[in-house]
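# Architecture at a glance
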Amino acid sequence: MFKKITAIGGGFLGLSSLYFVHSGNETFYRNILMPTVWQLPAEMSHKLALASCKYGIMGQRKFVDSERLKTSFVDIALSNPVGIAAGFDKQAEAVSGLHKIGFGFVEIGSVTPEPQPGNPKPRCFRLVEDKAIINRFGFNSDGHDKVLERIEKLRKNGSFAGVLGVNLGKNKTSPSAADDYVVGIERFGPVADYLVINISSPNTPGLRSLQSRENLIELLSKAVAAKRKLSRNVPLLLKIAPDLILEELNDISEIIELESCRVDGVIISNTTITRPPELQSRFRNEVGGLSGAPLRDLSTKAIAHVYKRTGGRVPIVGVGGISSGREAYDKILAGASVVQLYSAFAFHGPPIVNKIKSELDELLRKNGFKNVAEARGMAHKSN
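Residues numbered from 1 in each chain as written. Predicted model: local features only at pLDDT ≥ 70, side-chain atom pairs only at ≥ 80, totals over all residues. Heavy atoms only, no water.

## Comments concerning the overall build of the chain
When helices and strands are tallied, the chain shows 13 helices and 13 strands. The C-alpha radius of gyration of the chain comes to 20 Å, within 12% of the 21 Å expected for a compact globule of 383 residues. Once the C-alpha set of the chain is aligned to its principal axes, its extents read approximately 55 × 50 × 50 Å. Considering the chain as a whole, with its 383 residues, one finds that 59% of them fall into the buried category. Long-range pairs, those at least 24 residues apart, make up 74% of the contacts in the chain between residues at least 6 apart in sequence. (Helix = DSSP H or I, 4+ residues; strand = E, 2+ residues; numbered from the N terminus. Rg over C-alpha atoms; globule rule 2.2 N^0.38 Å. Buried < 20%, exposed > 50% of the residue type's maximum accessible area, 1.4 Å probe, protein only. Contact = heavy atoms within 4.5 Å.)

See below:
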């Protein structure tokens, strides 16, 4: 079995480097490379894809972001509104490569204070028939020290000139979640363009309970206080689950605008623990968070609700099931300021990034919007 996997993996790298290596040919990726990758266990293909991004093996066609795609998010100028979500590059190993592929911003992590291995393998499953992924990684992390070292090196050598977000997690056995997040803010504040408090992964016991009203107020009060003590103004975002009921979404919408808990934005959403009955894959009942196409409507509805509840005052990152410009556009119309990809990138490779940007640009033009900001929340304007 190991020899078979090694051979397929070697073939993957060989194909990537020798055939259309820098062209980003969409047909090649769709018909040859990605189906080959799907023969590997999901976590192994993830590692190979990450290595390919790190060393520039995966190619991409040249794409110049239009003026329509340029935008600003939490006072950060972006060349385009399409980012890579946390979870793909957990350890900050391929930041420059991901930026060169065409992402407007790169989010790494989740990063925990101390190194931890995460949950036992197998812990990642590809639901090809459903265009989805189930993972239960459990915050596998190299820890603050190693990840911080990589980012500092990246900043010093000048190989990365893009926008970098750091997604913070807590250690599984930590006695204080708040302390873990505060330490993360203090350590990564000097090197990150923005920070994220991730309390919505379903794979760390008790983590999602931090989204409850009393727990969230206590956590955010400490996190926001730590953020305000930094020597520079670093935006702080909160990442929430898609499975919250309306009352919980209302509580969160209210809490994040309290002076002591005021974050700079919210990421909607993380993976879902629900399993739509129409799922076809044999992996559909695996434990973990489900991402990809089945998450799309759930996350879009949550985006729309929070946007309306906050009157559009809180910037939103829209995540979940985006694999086309139309789906990115729908998230923006619902209230997202920018969007992120994860599963679509895993299924389609680098060409999906420029495809989404090109389609989004055309939709903005066709509907008379000069930029992304003009289109944000427009789904609510006629209601």
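From this point on, the discussion continues.
## Considerations on the pairing of strand β9 (residues 236–240)
Of all five residues making up β9, five are buried, and the element is well covered by its neighbours. Residues Leu236, Leu238 and Ile240 of β9 are buried on one face, and the alternating residues Leu237 and Lys239, pointing to the opposite face, are buried as well. For the crossover that starts at strand β8 (residues 194–198), traverses helix α7 (residues 213–228) and ends in the parallel β9, the hand is right-handed. Alignment of β9 against strand β10 (residues 265–268), held across four bridges, turns out to be parallel. Of the residues in β10, the one forming a bridge with isoleucine 240 is isoleucine 268. For the segment spanning β9, helix α8 (residues 246–255) and β10, crossover handedness is right-handed. (Right-handed = clockwise from strand over helix to strand, strands pointing away. Pairing = 2+ DSSP bridges.)

## Describing the packing of aromatic side chains
Enumeration over the complete set of coordinates arrives at seven aromatic pairs. Judged by centre distance (5.1 Å) and plane angle (80°), the rings of phenylalanine 88 and phenylalanine 345 are edge-to-face. Remark: phenylalanine 345 occurs in helix α11 (residues 343–348) and phenylalanine 88 occurs in the loop between β3 (82–84) and α4 (95–101); sequence separation between them is 257 residues. Each member of the pair, phenylalanine 88 together with phenylalanine 345, is buried. Judged by centre distance (6.4 Å) and plane angle (65°), the rings of phenylalanine 105 and tyrosine 194 are edge-to-face. Remark: tyrosine 194 occurs in strand β8 and phenylalanine 105 occurs in strand β4 (residues 105–111); sequence separation between them is 89 residues. Comparing phenylalanine 105 with tyrosine 194, the two get one shared label, buried. Here the aromatic cluster, defined as three or more aromatic residues joined through ring pairs, consists of Phe88, Phe103 and Phe345. (Phe/Tyr/Trp six-rings, centres within 6.5 Å; stacked < 30°, edge-to-face > 60°.)

## Observations regarding the environment of isoleucine 245
Note on placement: isoleucine 245 falls in the loop between β9 and α8. Among the residues examined, isoleucine 245 registers a relative accessible area of 49% and is labelled partly exposed. With 40 residues separating them in the primary sequence, isoleucine 245 and asparagine 285 have C-alpha atoms 22 Å apart.

## Regarding the nonpolar core
Counting residues in hydrophobic clusters, the biggest one holds 112 residues, and the most contacted among them are Ile108, Phe188, Leu238 and Phe345. In this structure leucine 238 touches Ile197, Ile199, Leu216, Leu220, Ile252, Ile256, Val263, Gly265, Val266 and Ile267, once residues within four positions along its chain are discounted. In terms of nonpolar packing, the next biggest core, distinct from the first, is built from six residues, Phe125, Ala132, Ile134 and Leu279 among them. (Core = buried A, V, L, I, M, F, W, Y, C linked by side-chain atoms within 4.5 Å.)

## A short note on helix α2 (residues 26–37)
Burial in α2 covers these residues: Phe28, Tyr29, Leu33, Met34 and Val37. Taken end-on, α2 shows its buried residues confined to a sector of 125°, consistent with a single buried face. (Arc of directions from axis to C-beta.)

## Considerations on the pattern of salt bridges
Summed over the entire model, instances satisfying the criterion amount to 21 salt bridges. The residue glutamate 67 makes a salt bridge to lysine 70 at a minimum N-O spacing of 2.8 Å. Classification of lysine 70 by relative accessible area gives partly exposed; the value is 40%. Ionic pairing is found between arginine 326 and aspartate 330, a salt bridge with its closest N-O pair at 2.9 Å. Of this pair, arginine 326 and aspartate 330 both sit in helix α10 (residues 325–334), four residues apart, which is roughly one turn of that helix. In this structure arginine 326 comes out as partly exposed when scored by relative accessible area, which is 41%. (Salt bridge = Lys/Arg side-chain N within 4 Å of Asp/Glu carboxyl O.)

## Quick look at unusual backbone geometry
Between glycine 109 and serine 110 the backbone carries a cis peptide bond, its omega angle lying at 10°. Along the chain, serine 110 turns up in strand β4. For the bond running from lysine 121 to proline 122, omega is -5°, close enough to zero to count as cis. Unusually for a residue other than glycine, valine 74 sits at a positive phi of about 45°. Tracing the backbone through its elements, the reader meets valine 74 in the loop between β1 (71–73) and β2 (76–78). Exposure remark for valine 74: the relative accessible area of 13% places this residue in the buried category.

## Some words on the sheet that holds β3
A barrel is described by the order of its strands in space; here eight strands give the closed sequence β3-β4-β7-β8-β9-β10-β12-β13, paired in parallel fashion. Averaged over all adjacent pairs, the angle separating strand axes in this sheet is 25°, with direction ignored. (Axes fitted to C-alpha atoms, helices over the stretch in contact; angles between N-to-C directions.)

## Quick notes on the pairing of β4
Most of β4 sits out of view: seven of its seven residues are buried. Where β3 and β4 come together, two bridges link them in parallel fashion. Residue isoleucine 84 lies in a different strand from β4, and its bridge partner there is valine 106. Chirality of the crossover, the property in question, places the unit of β3, α4 and β4 among those that are right-handed. By the bridge criterion, five bridges tie β4 to strand β7 (residues 164–168) in an arrangement that is parallel. Bridging from a neighbouring strand, isoleucine 108 pairs with valine 166 of β7.

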